[in-house]
Amino acid sequence: MNKKEVFKLAKGFRGRAKNCIRIARERVEKALQYSYRDRRNKKRDMRSLWIQRINAGTRDHGVCSLLSSLNFYLHYYTVNYGNFMHGLMKENIQLNRKVLSELSMHEPYSFKALVDVSRSAFPGNKAVVPPKKEGLAMLV
């Protein structure tokens, strides 16, 4: 890389890194290494963000507590990210994580329909009954 290209890339750097060729060359080389690394990390970070948003949406729409009239148990229907994705896979719904993330944020009713479809497809998403309280624990 010649001097003109180095200084062009070093524009905006602090101190002598912008106008001293030896320091500028080192700083530009390191900056290019960081940019190469972070282009890959950006994809990883975005996927992680999409998964967090999907998980939050499934937990919002996947929890339904019903009070049974006969035995007064609370029934919890819990759906988390893993069960939700497994249910979608079983139903052959092929939406990627980016689209599911956008749906969970901007289209809650559509996303709730997907959570319901996923819940019905995967047996792990059925009702979980908490243990019955006995004796003194019943009074508390």
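Along each chain, residue indices are assigned from 1 in the same order as the chain's sequence is written. The model is predicted, so local features are restricted to residues of pLDDT at least 70 and side-chain atom pairs to those at 80 or more, both for listing and for counting; the totals for chains, interfaces and linings are taken over all residues. In computing side-chain values, all of the structure's heavy atoms are included and hydrogens and water are not.

You'll find the protein entered in an unreviewed UniProt entry as 50S ribosomal protein L20, with Penstemon davidsonii given as the organism. Entered under Function (unreviewed entry) in the UniProt record, the comment concerning the protein runs "Binds directly to 23S ribosomal RNA and is necessary for the in vitro assembly process of the 50S ribosomal subunit. It is not involved in the protein synthesizing functions of that subunit." UniProt positions are given in the numbering used here, feature names are shortened, and annotations may be inferred rather than shown by experiment. Listed in UniProt under the heading Sequence similarities (unreviewed entry), the comment for the protein reads: "Belongs to the bacterial ribosomal protein bL20 family."

Asks: Would you mind going over a positive patch on the surface in detail, with residue names and values included?
Replies: Residues forming no salt bridge and having over 30% relative accessible area are the ones grouped into patches, like charges within 9 Å of each other and nonpolar side chains (Val, Leu, Ile, Met, Phe, Trp, Tyr) within 5 Å. Surface accessibility follows the Shrake-Rupley procedure with a 1.4 Å probe radius. Residue values consider only the protein chains on display as shielding. For this document, the term salt bridge refers to a Lys or Arg side-chain nitrogen within 4 Å of an Asp or Glu carboxyl oxygen. A positive count includes Lys and Arg, and a negative count includes Asp and Glu. His and the chain ends are not counted in either. Charged groups are reduced to one reference atom each: NZ for lysine, CZ for arginine, CG for aspartic acid, CD for glutamic acid. On the surface, a cluster of positive charge is contributed by R39, R40, K42 and K43. If you trace the backbone, K43 turns up in helix α2 (residues 21-61). Think of it in three bands: with a 1.4 Å probe and only protein chains considered, a residue is buried below 20% of the maximum accessible area for its type, exposed above 50%, and partly exposed in between. Exposure remark for K43: the relative accessible area of 58% places this residue in the exposed category. By definition, any uninterrupted DSSP run of H or I lasting at least four residues is a helix, any uninterrupted run of E lasting at least two residues is a strand, and each is numbered from the N terminus.

Asks: I'd love a proper account of a nonpolar patch on the surface, names of residues and values included.
Replies: Among the surface-exposed residues, M1, L9 and L32 lie close enough to one another that they form a single nonpolar patch of about 290 Å² accessible area. Position of M1 relative to the elements: it lies in the segment before α1 (3-9).

Asks: Give a detailed account of the nonpolar core, specifying residues and quantitative values.
Replies: For the purposes of this section, nonpolar cores are sets of buried Ala, Val, Leu, Ile, Met, Phe, Trp, Tyr and Cys residues that join through side-chain atoms within 4.5 Å. Core analysis: the biggest nonpolar cluster contains 11 residues, these being I54, V79, Y81, F84, M85, L88, L100, L103, F111, L114 and V115. Elements with a contribution of two residues or more to this core: α3 (81-90), α4 (97-106) and α5 (108-121). Broken down by element, this core gets its largest block of residues, 4 residues, from α3. In this description, contact between two residues means that some pair of their heavy atoms is separated by no more than 4.5 Å. If sequence neighbours within four positions are ignored, M85 has contacts with R97 and L100.

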